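# A look at the structure
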Amino acid sequence: KNSTDDKDVIIESDNGSGGLAAYINCDGSHGSVRLYHYGNQKLETTSDGVTVTGTVSDTLGPLRRLKVDQSSSTFTLTAAYAGQLIRNSGSGVTITIPEDVFTAGDMISIWNAHTGDMTVAQGNNTTVYNTADGNTGNRTVGARGLVTIVCTASNEFIISGTQLS
């Protein structure tokens, strides 16, 4: 439903409190669109981009916050770990990078919070290159070490970080 000035589109008008719950304002003179919720501007599009007031999130949570996943035992990575930090607190843990799970650009960080070593294993049909020397194979992450794994192509990964051998 258009408002009287033909620039606002009401999305929902009856919120039980007598005010507008949400509406869109289209400003033709500035080429922008603004989304309001209970009178507060939440989103604006302009020729320069998009501005959001409040938290932007996806299924992992707020986009400016890294999701931390706790682990203390051996396991194989899944696509759900992309974009996350794994905090390992177990002794002698092995985390395996499997084939045909990740897409180029997927990134996972692992912090070995334990005082012993942990292993990042190169799964079947995957290649993991150590960025320090170009060698492939399983990697050891020492106590309190932090590594980042990046998928660079189908079943090809790079690993870099601290306490890495």
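Residues numbered from 1 in each chain as written. Predicted model: local features only at pLDDT ≥ 70, side-chain atom pairs only at ≥ 80, totals over all residues. Heavy atoms only, no water.

Turning our eyes to something else, we now look at the sheet that holds strand β14 (residues 127-130). The strand order across the open sheet built from 6 strands is β8-β10-β12-β16-β17-β14, with neighbouring strands paired in mixed fashion. Each end of this open sheet is capped by a strand with a single partner; those strands are β8 (67-71) and β14. Pairs of neighbouring strands in the sheet enclose a mean axial angle of 25°, with direction left out of account. Relative to strand β17 (residues 156-161), β14 runs parallel, the two being bridged by 4 bridges. The residue of β17 that forms the bridge with T127 is E156. (Pairing = 2+ DSSP bridges. Helix = DSSP H or I, 4+ residues; strand = E, 2+ residues; numbered from the N terminus. Axes fitted to C-alpha atoms, helices over the stretch in contact; angles between N-to-C directions.)

Moving on, we come to the environment of E44. In this structure, E44 sits in strand β4 (residues 40-46). Along the sequence, E44 and V33 sit 11 residues apart, while their C-alpha atoms lie 5.6 Å from each other. Those residues in contact with E44 that sit more than four places away from it in its chain are S32, V33, R34, G49, V50 and T51. (Contact = heavy atoms within 4.5 Å.)

By the definition in use, this model includes 2 aromatic pairs. Geometrically, the ring pair formed by F75 and Y81 is tilted, given 5.3 Å between the ring centres and 40° between the ring planes. A relative accessible area of 16% places Y81 in the buried class. (Phe/Tyr/Trp six-rings, centres within 6.5 Å; stacked < 30°, edge-to-face > 60°. Buried < 20%, exposed > 50% of the residue type's maximum accessible area, 1.4 Å probe, protein only.)

This part covers the side chain of N88. You can see N88 is positioned in strand β10 (residues 84-88). The exposure class of N88 is buried, given its relative accessible area of 0%. Here N112 takes part through its side chain, which lies 3.1 Å from a polar atom of the side chain of N88. Dropping the residues within four chain positions of it, N88 is found in contact with S71, S72, V93, W111, N112, A113, H114 and M118. (Polar contact = N/O pair within 3.5 Å; in protein donor to acceptor, adjacent residues only side chain to side chain.)

This next bit is on unusual backbone geometry. At R144, a residue that is not glycine, the phi angle is positive and equals roughly 60°. Considering the arrangement of structural elements, one finds R144 in the loop between β15 (139-141) and β16 (146-153). Residue R144 is classed as partly exposed on the basis of its relative accessible area, which comes to 44%.

Attention now moves to the sheet that holds β15. Strand order in this open sheet of 4 strands is β9-β11-β13-β15, and the pairing throughout is mixed. With partners counted over all chains shown, the strands left at the sheet margins are β9 (75-76) and β15, one partner each. Alignment of strand β13 (residues 118-122) against β15, held across 3 bridges, turns out to be antiparallel. Within β15, the residue paired with T119 across the bridge is T140.

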